[in-house]
Amino acid sequence: MRSIVVALLFAITPGCGSPPPPAANTDSRPELLRALDGQWTMTGDVMGKPVVYDMLAGPTLAGAFTEIHMIDAKQPPEYEARVFIGYDDESDSIIAHWMDSFGARYSIPHGTGTLTADTIRFVVPYADGPFRDTLIYDEKGGAWQFVIEASQGDGSWKHFARYSVQ
């Protein structure tokens, strides 16, 4: 029904033709972002509490981003997140958008960071203090480590969460 309404709006709105077709999927992501693609299990802790998440990752938005979908393995799930990580070759930087079941307020601002041979790192400058996310790929073992740290008043970083992703 929604698509009929949208099509009708385009048809009756002056100067509006059909919406443009989606761009071809060029998947311009760097190899390290492509290494996230697949179905994974995340085991670890959040603030010392053990957690297990199911994770699915792959290209989205014509290959401009890697989308990570994490959801609590227990039923009903207590946590769910979607993380979009893109690489901007002009600035040689990572742009990350983290959205989760805590709501819209916690999805801003976006994070920025770097990509090296085996590490994706970005900092999200939340109003109550930055978080640093470090994703480390073990190519030989085909697994990842995700480490999330919270900034402290003295400039140090404190453990928030750590996951083994296999």
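Residues numbered from 1 in each chain as written. Predicted model: local features only at pLDDT ≥ 70, side-chain atom pairs only at ≥ 80, totals over all residues. Heavy atoms only, no water.

## Description of the environment of Ala161
Thinking step 1. The residue Ala161 is located in strand E10 (residues 157-165) in this model.
Thinking step 2. Residues Ala161 and Glu149, spaced twelve residues apart in sequence, show a C-alpha to C-alpha distance of 6.8 Å.
Thinking step 3. Once residues lying within four places of it in the same chain are set aside, the contact partners of Ala161 are Asp45, Val46, Phe146, Val147 and Ile148. (Helix = DSSP H or I, 4+ residues; strand = E, 2+ residues; numbered from the N terminus. Contact = heavy atoms within 4.5 Å.)

## Thoughts on the packing of aromatic side chains
Thinking step 1. Under the defined criterion, the tally for this structure stands at seven aromatic pairs.
Thinking step 2. When the ring of Phe131 is compared with that of Phe160, the centres are 4.9 Å apart and the planes differ by 70°; the resulting orientation is edge-to-face. Of the two residues, Phe131 is situated in strand E8 (residues 131-138) and Phe160 in strand E10; the sequence distance between them amounts to 29 residues.
Thinking step 3. Classification of Phe131 by relative accessible area gives buried; the value is 19%.
Thinking step 4. Through pairs of rings, three or more aromatic residues link up here, namely Tyr53, Tyr79, Phe102 and Tyr163. (Phe/Tyr/Trp six-rings, centres within 6.5 Å; stacked < 30°, edge-to-face > 60°. Buried < 20%, exposed > 50% of the residue type's maximum accessible area, 1.4 Å probe, protein only.)

## Examining the side chain of Ser107
Thinking step 1. Of note, Ser107 is situated in the loop between strand E5 (93-100) and strand E6 (111-115).
Thinking step 2. A polar atom in the side chain of Ser107 sits 2.7 Å from the backbone oxygen of Ala104.
Thinking step 3. With residues near it in sequence (within four places) discarded, Ser107 still touches Trp98 and Met99. (Polar contact = N/O pair within 3.5 Å; in protein donor to acceptor, adjacent residues only side chain to side chain.)

## Structural notes on the pattern of salt bridges
Thinking step 1. In this structure the tally under the stated criterion is seven salt bridges.
Thinking step 2. In this structure, Glu31 engages Arg34 in a salt bridge whose closest nitrogen and oxygen atoms are separated by 4.0 Å. Taken together, the residues span about one helical turn, with Glu31 and Arg34 both in helix H2 (residues 31-34) at a distance of three residues.
Thinking step 3. When its relative accessible area of 61% is taken as the criterion, Glu31 is described as exposed.
Thinking step 4. Using a relative accessible area of 32% as the deciding quantity, one classes Arg34 as partly exposed.
Thinking step 5. For the salt bridge of Glu149 with Arg132, the shortest nitrogen-to-oxygen distance reads 2.9 Å. Placement of the pair is Glu149 in strand E9 (residues 143-151) and Arg132 in strand E8, with a sequence separation of 17 residues. Comparing Glu149 with Arg132 shows no difference in burial state: the two are buried.
Thinking step 6. A cluster of three or more residues bridged by salt bridges with shared partners is formed by Asp27, Arg29 and Asp37. (Salt bridge = Lys/Arg side-chain N within 4 Å of Asp/Glu carboxyl O.)

## Points about the side chain of Arg132
Thinking step 1. Arg132 gets classed as buried once you look at its relative accessible area, which sits at 17%.
Thinking step 2. Among all residues touching Arg132, those that are not within four sequence positions of it are Arg121, Phe122, Val123, Val147, Ile148, Glu149 and Trp157.

## Here we look at the pairing of strand E4 (residues 80-88)
Thinking step 1. Two elements, strand E3 (residues 65-72) and E4, share seven bridges in a ladder whose sense is antiparallel. Residue pairing across strands places Glu67 opposite Phe84, the latter belonging to E4.
Thinking step 2. Counting the residues in the hairpin turn of E4 and E5 gives four residues, including Asp92, whose phi is positive at 55°. (Pairing = 2+ DSSP bridges.)

## Points about unusual backbone geometry
Thinking step 1. Cis rather than trans, the peptide bond between Gln75 and Pro76 has omega equal to -5°.
Thinking step 2. Omega for the bond connecting Ile108 with Pro109 falls within 30 degrees of zero, at -5°, which places this linkage in the cis form.
Thinking step 3. Unusually for a residue other than glycine, Met47 sits at a positive phi of about 50°.

## Considerations on the pairing of E3
Thinking step 1. Most of E3 is tucked away: six of the eight residues are buried.
Thinking step 2. Here eight bridges tie strand E2 (residues 49-60) to E3, and the two strands are oriented antiparallel to one another. Paired with Leu56 across the two strands is His69, which belongs to E3.
Thinking step 3. With antiparallel pairing between neighbouring strands as the criterion, E2 and E3 make up a hairpin whose turn holds four residues, including Leu61 at a positive phi of roughly 55°.

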